[in-house]
Amino acid sequence: MESYFKYEDLLSNESDMGRQISEAIERILGVPVLTTARSTALMLKESSEKREAKAAQSDQRTQEYGNALADIQVQREALKKDLAGSHEVLERLKERKAELEEALRRRERYALLMEKRDGLSKQVVEIDDRRRAKVDSLRSSMSTAWTLLVAEKVERARTDLTERKRDLDVSISQLKALDDMAKGNSESCPTCLRSIGEGDKERIESALAAGDGSSIEQHEIAIEALTSKLSALARISSTSRSDAPKLCWDAVDELNVDLATKKEELSEIKKALENVDELTLRKEKHEYETTIRHIEVTERSIGDCQAKLLEKETSSEKIQKKLDQLAGGTLDRERKLRTLYSSIHELLDEAVGAYRDKLRERVQADATKHLKLLTTEPEYASLRINENYGLSIVHEDGQEIPVRSAGAEHVVALCLVGALQNNAPLEGPIIIDSPFGRLDAEHTTNIIRALPGMARQVMLLVYEDELPADLARTELKGKLKSEWVMKRVSARHTDLARRIS
């Protein structure tokens, strides 16, 4: 039964598998009877067109049209041959794609591990590069770490030197002002703005002579020396950041831990992949990607070929209309046959579409009836069918339910099986393997009650835990025809025995 859930998803998604399943469903429902008849009518129509072209070639009035029609038919045959070949190639590619998908699905865990391993390998290299860069930064910061030991003294020295420099600057300013006043270069005091007389000059000269004897030039030399010392101390102070080495140490420690974690994870993955044939897995993945590209190219080629065929069909119809105006004798007879077969083909083509629509309506209606009997959810109003016979649950508010539980998938799959059984031209038994594995007791009871209405004969392959024998007997009563159990004889031998209740 598990396959039904996969099929239901595929049908809803309209995948390649969904297309194959929908074709199988239509075979069950008898659609090939009409499609085969339509193909036969098309073949008869094309044969009559060839005879019409041949008849037109033998008549001088229509020879030109006959030759053109014959050329188109030759080109059309070549296109059909190419189209058939492309379809065969496409089917083989899709079959191979399905095989590769299954192979990759079985080894999906290993593919994911390989992808994760490759990603981790890149991360290990990147982290190690960052760690090395931080170690280099740490070495650089450690080369000046000694400055931390003298940082306090350096700051005190900078403060003292700065004050001494400031005092010298003041002294220079004072000396320059006094010198200007003594030499008469300044007529007033720059501080009090009082005029300077001869007596003032003498007192200023006496004050200068009574000083420590330092000249302006000596003060300037002393300031230059202090400035040089302050610059040196500033350089030492700039390299004595207390947090720089610590930040580097923390970063290196963090990167070491991260690197060790990634390496350990990488080692575990490598152990898990020790016995995996990575080369084959990579080849399959590459082939899968290549196959998908080939499918796309082939589908485009089929589309181009179909477009050219349609173009040839249009050209053929134009010529045939001109021949209709010149018809006579054998040509007239072949024209009538061609028109008849063409009408039959069109009728059958419309019939196929109408029959498919009618079938989908009937399958949808019957599936909804089964849903009402099987589901325990009162808000499920109906089922809605798509072109590929995929069924969606419709809520009572009219909206489709996008996400379904595993139990709901089981129920929908059973509804589809029952509806197909009800509408198939030929009746047959329904055989279901483990249908109750994901269902609760209420759903199981509902399904047991509804199964007799789905087909005249239903065969269930179940485990005892899945469907207790007493429940089946109670619900089915006289409709339970027989029970069979598997009896183990040996590891290589199991017998089927009828259970006598």
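Please refer to the structure placed before this passage.
Quick caveat, the model's predicted, so the values are computed rather than measured. (Residues numbered from 1 in each chain as written. Predicted model: local features only at pLDDT ≥ 70, side-chain atom pairs only at ≥ 80, totals over all residues. Heavy atoms only, no water.)

Peer 1: Teacher, can you tell me more about the overall build of the protein here?
Peer 2: In terms of regular secondary structure, the protein is built from 14 helices and 6 strands. Looking at the protein alone, contacts between residues at least 24 apart form 72% of all its contacts between residues at least 6 apart. Carbon and sulfur atoms make up 51% of the accessible area of the protein, which totals about 31,600 Å². (Helix = DSSP H or I, 4+ residues; strand = E, 2+ residues; numbered from the N terminus. Contact = heavy atoms within 4.5 Å. Areas by Shrake-Rupley, 256 points an atom, 1.4 Å probe, with all protein chains shown as cover.)

Peer 1: When you look at the pairing of strand E4 (residues 458-461) in this model, what are you seeing that I'm missing?
Peer 2: It is a general feature of regular strands that their side chains alternate between the two faces of the sheet. Across 4 bridges, strand E3 (residues 430-433) lies against E4 in parallel orientation. Residue isoleucine 431 lies in a different strand from E4, and its bridge partner there is methionine 459. For the segment spanning E3, helix H13 (residues 441-450) and E4, crossover handedness is right-handed. (Pairing = 2+ DSSP bridges. Right-handed = clockwise from strand over helix to strand, strands pointing away.)

Peer 1: Explain the packing of aromatic side chains to me, please; I cannot follow it from the model alone.
Peer 2: Two descriptors summarise a pair of aromatic rings, namely the distance from one centre to the other and the angle between the planes of the rings. Enumeration according to the criterion identifies 0 aromatic pairs in this entry. The ring centre of tyrosine 389 lies 5.9 Å from the NZ or CZ of arginine 360, which sits over that ring. (Phe/Tyr/Trp six-rings, centres within 6.5 Å; stacked < 30°, edge-to-face > 60°. Lys NZ or Arg CZ within 6 Å of the ring centre and 35° of its normal.)

Peer 1: Looking at this structure, I do not really get a negative patch on the surface. What am I missing?
Peer 2: A surface patch of like charges, here negative, comprises Glu377, Glu379, Glu396 and Asp397. Mapped onto the secondary structure, glutamate 377 falls in the loop between helix H11 (330-374) and strand E1 (380-385). On the basis of relative accessibility, which here comes to 32%, the residue glutamate 377 falls in the partly exposed class. (Patch = residues over 30% accessible without salt bridge, like charges linked within 9 Å, V, L, I, M, F, W, Y side chains within 5 Å. Salt bridge = Lys/Arg side-chain N within 4 Å of Asp/Glu carboxyl O. Lys, Arg positive; Asp, Glu negative; His and termini not counted. Charge placed at Lys NZ, Arg CZ, Asp CG, Glu CD. Buried < 20%, exposed > 50% of the residue type's maximum accessible area, 1.4 Å probe, protein only.)

Peer 1: Help me understand helix H14 (residues 469-476) in this model?
Peer 2: Helical geometry note: an α-helix holds 3.6 residues per turn, so side chains three or four residues apart project in the same direction. Within the span of H14, buried status applies to Ala469, Ala472 and Leu476. Looking straight down H14, one finds that the buried residues subtend no more than 65 degrees of arc, so they occupy a single side. Against H13, strand E5 (483-490) and strand E6 (493-499) lie the buried residues of H14. (Arc of directions from axis to C-beta.)

Peer 1: Teacher, can you tell me more about the pattern of salt bridges here?
Peer 2: Pairs can form between side chains of opposite charge whenever their charged atoms are close. Scanning the entire structure with this criterion turns up 30 salt bridges. Salt-bridge contacts for glutamate 483 lead to arginine 473; the nearest nitrogen and oxygen are separated by 2.8 Å. One end of the pair, glutamate 483, is in strand E5; the other, arginine 473, is in helix H14, with 10 residues separating them in the sequence. In this structure, a network of salt bridges that share partners links the residues Glu464, Asp470, Arg473, Glu483 and Arg499.

Peer 1: Can you help me understand the nonpolar core in this one?
Peer 2: Note that soluble globular proteins tend to have their nonpolar side chains buried in a common cluster. Ranked by size, the top nonpolar core spans 38 residues in total, and within it Leu374 and Leu383 carry the most contacts. In terms of residue count, helix H12 (residues 406-423) provides more of this core than any other element does, 9 residues in total. The residues touching leucine 374, leaving out its near neighbours within four places in the chain, are Val411, Leu414, Cys415, His443, Asn446, Ile447, Ala450 and Met454. Ranked by size, the runner-up nonpolar core spans 15 residues in total, among them Leu100, Leu120, Val276 and Tyr288. (Core = buried A, V, L, I, M, F, W, Y, C linked by side-chain atoms within 4.5 Å.)

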